[in-house]
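# Architecture and fold: a report
One letter stands for each residue in the lines below.
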Amino acid sequence: MAEDMRQVPEVRAAATPTKHEKYPWPEKPALLSTSVKRLDGPVKASGQAKYAYDINRHSRRCRSGEGAGREGGAAVAQGR
Amino acid sequence: MAKNDQGGTDLSRRSPEAKADETGTVSRRDFFKTVGVSSLATSVLTAVEAEAQATAPRAVGPGEVPIRLNINGRTQNLTVEPRMTLLDAVRNKLDHTGSKRVCDRGSCGACTMIVDGRAIYSCSTLAIESQGKNIRTVEGLAEGTALHPVQQAFWDNDGLMCGFCTPGFVMATVALLEKIPNPTPEQARKHLDGNICRCGTYVGVLEAALKTKGVSRG
């Protein structure tokens with residue numbers, strides 16, 4: 001197989017963005033090639049972000065009194 | 001045993017023990033010897049046990065016991081079971097959920113805290129043995145809305161994605177910079193290799209560790 005036959009013709013074509021009538025390509029791109037900070041960065045870096053694991057803490061609600069045991073059931077009647 | 005000239009046994013010259021052995025009875029001398037040794041052994045063992053009890057750590061539990069922890073400069077009184085880890089005590093008893101429990105076996109570093117200036121795995125440290133030590137968690141770094149320089153660097157250098165491992169990385173980085181203010185990339189890699197990030201933000205974390213300035217000893 002010839003070397004040039006492996007290439008897809010569209011890939012080798014020059015990048016010529018077509019002008020979209022409704023959404024034209026901006027003259028000065030504002031986001032591309034710019035560093036955008038994450039909105040959730042401060043809360044995550046400071047440990048204040050709450051994950052599901054932080055809210056629904058299983059070990060806090062139901063903790064076995066045995067060091068090593070097998071769960072046999074849960075008595076939920078009094079909780080209702 | 002004394003023998004006479006004819007080769008026979010002279011009963012009159014034998015010791016009382018020998019007589020008692022032959023007759024199968026316990027002599028008065030044997031009786032007092034036995035009682036003396038027994039009482040001596042009992043008194044020695046009692047003294048050894050008392051000394052061991054005085055020097056050994058006091059046994060507590062298995063129920064909850066009151067402890068006092070110094071966390072982020074504040075003294076916290078709480079009751080925990082002796083088996084409870086420092087991470088569980090801080091998360092479940094004090095509601096400081098910044099430190100995460102991921103592997104729970106001291107390999108991922110998401111639970112990293114700084115205890116007496118050293119970064120430790122709080123999932124592998126008992127709360128009861130952390131009494132009297134200066135414990136710092138990620139909640140104690142920021143002052144109000146002002147982030148700690150390390151936290152700011154993590155944000156600036158995109159050193160986080162999902163953020164679940166970030167508190168551990170932040171604490172490990174703070175411990176590194178308090179020990180080595182201007183680390184080389186090799187030193188930073190070595191000190192942070194106890195933490196794992198599944199999102200793969202290691203490049204950003206390393207940049208944050210190397211670019212952070214102004215971290216003083218806590």
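Residues numbered from 1 in each chain as written. Chains lettered and ligands numbered in written order. Predicted model: local features only at pLDDT ≥ 70, side-chain atom pairs only at ≥ 80, totals over all residues.

## Examining the overall build of chain A
Our working definition: The numbering of helices and of strands both runs from the N terminus, where a helix is a DSSP run of H or I of at least 4 residues and a strand a run of E of at least 2.
Scanning chain A for helices and strands turns up 4 helices and 0 strands. In sequence order, chain A lays out its α and β elements as α-α-α-α.

## Observations regarding the confidence of the model for chain A
What counts is decided by this rule: Scored from 0 to 100, pLDDT records how confident the predictor is in each individual residue.
Mean pLDDT over chain A: 76, with 68% of residues reaching 70 or higher. At the level of individual helices and strands, chain A shows its lowest average pLDDT in helix H4 (residues 58–61) of chain A, which scores 60, and its highest in helix H2 (residues 41–45) of chain A, which scores 96.

## Here's the deal with the environment of Glu178(B)
Residues and elements named next belong to chain B. To keep things clear, this is the line we draw: Three exposure classes are used, based on other C-beta atoms lying within 10 Å of a residue's own C-beta, which is placed from the backbone: buried for 20 or more, exposed for 12 or fewer, and partly exposed in between.
On the secondary structure map, Glu178 appears in helix H5 (residues 166–179). For Glu178, a count of 17 C-beta atoms within 10 Å corresponds to the partly exposed category. Taking the C-alpha atoms as reference, Glu178 lies 8.1 Å from Gly117; in sequence the two are 61 residues apart.

## With respect to the pairing of strand E1 (residues 65–71) of chain B
In the case of a regular strand, side chains alternate between the two sheet surfaces. Residue and element names in this part refer to chain B. Condition: Note on pairing: DSSP must find at least two bridges between two strands before they are called paired.
The pairing of E1 with strand E2 (residues 74–80) spans 7 bridges and is classified as antiparallel. Pairing of Ile67 across the sheet is with Leu78, part of E2. Between E1 and E2, which pair antiparallel and follow one another directly, the connecting turn spans 2 residues, one of which, Asn72, has a positive phi of 55 degrees. Looking at chain direction, E1 and strand E5 (residues 134–136) are connected through 2 bridges and run parallel. Looking across to E5, one finds that Asn70 is bridged to Asn134.

## A look at the interface of chain A and chain B
Counted only if it meets this: The contact criterion used here is simple: two residues whose C-beta atoms, placed from the backbone, lie within 7 Å are in contact. Residues are sorted three ways: Asp, Glu, Lys and Arg are charged, Ala, Val, Leu, Ile, Met, Phe, Trp, Tyr, Cys and Pro are nonpolar, and all the rest, Gly among them, are polar.
Taken together, the 16 residues of chain A in the interface contact 20 residues of chain B. Sorting the residues of the side of chain A that touches chain B by element identifies H2 and H4 of chain A as the ones contributing at least two each. Among the elements that make up the side of chain A that touches chain B, the one with the highest residue count is H2(A) (4 residues). Looking at the side of chain A that touches chain B residue by residue, the classes come out as 4 nonpolar, 5 polar and 7 charged.

## Here's the deal with helix H4 (residues 149–156) of chain B
Taken as a whole, H4(B) has its buried residues at Val150(B), Gln151(B), Ala153(B), Phe154(B) and Trp155(B). Once H4(B) finishes, Asp158(B) follows within two positions and takes phi at roughly 55 degrees, a positive value.

## What about the sheet that holds E2(B)?
Across a sheet, strands are paired by hydrogen bonds formed along the backbone, either parallel or antiparallel in direction. Residue and element names in this part refer to chain B. Rule in force here: Fitted lines through C-alpha atoms serve as axes, helices being fitted only where they are in contact, and the angles separating the N-to-C directions of these axes extend from 0 to 180 degrees.
With mixed pairing, the 5 strands of this open sheet are ordered in space as E2-E1-E5-E3-E4. Each edge of the sheet is formed by a strand with only one pairing partner; in this case those strands are E2 and strand E4 (118–121). Looking at each pair of strands side by side, their axes are set apart by 40 degrees on average, direction ignored. In this fold helix H3 (residues 86–93) packs onto E1, E2 and strand E3 (112–115), with an angle of close to 100 degrees to the strand it touches most, E2.

## Looking at the packing of H5(B) against helix H6 (residues 185–192) of chain B
Residue and element names in this part refer to chain B. Rules: Note on angle classes: values under 35 degrees are labelled roughly parallel, values over 145 roughly antiparallel, values of 65 to 115 roughly perpendicular, and the remainder oblique. Here a crossing is taken to be left-handed if its near helix is turned anticlockwise relative to the far helix by less than a right angle, and right-handed if that turn runs clockwise.
Look at H5 against H6: their axes get within 10 Å of each other, and the N-to-C directions meet at 130 degrees. What the angle tells us is that H5 and H6 run oblique. In the crossing of H5 with H6, the sense of the turn from one axis to the other is right-handed. Of the residues in H6, those in contact with Phe169, Ala172, Thr173 and Leu176 of H5 are Ala188, His191 and Leu192. Here the residues of the contact of H5 with H6 are counted per class, giving 5 nonpolar, 2 polar and no charged.

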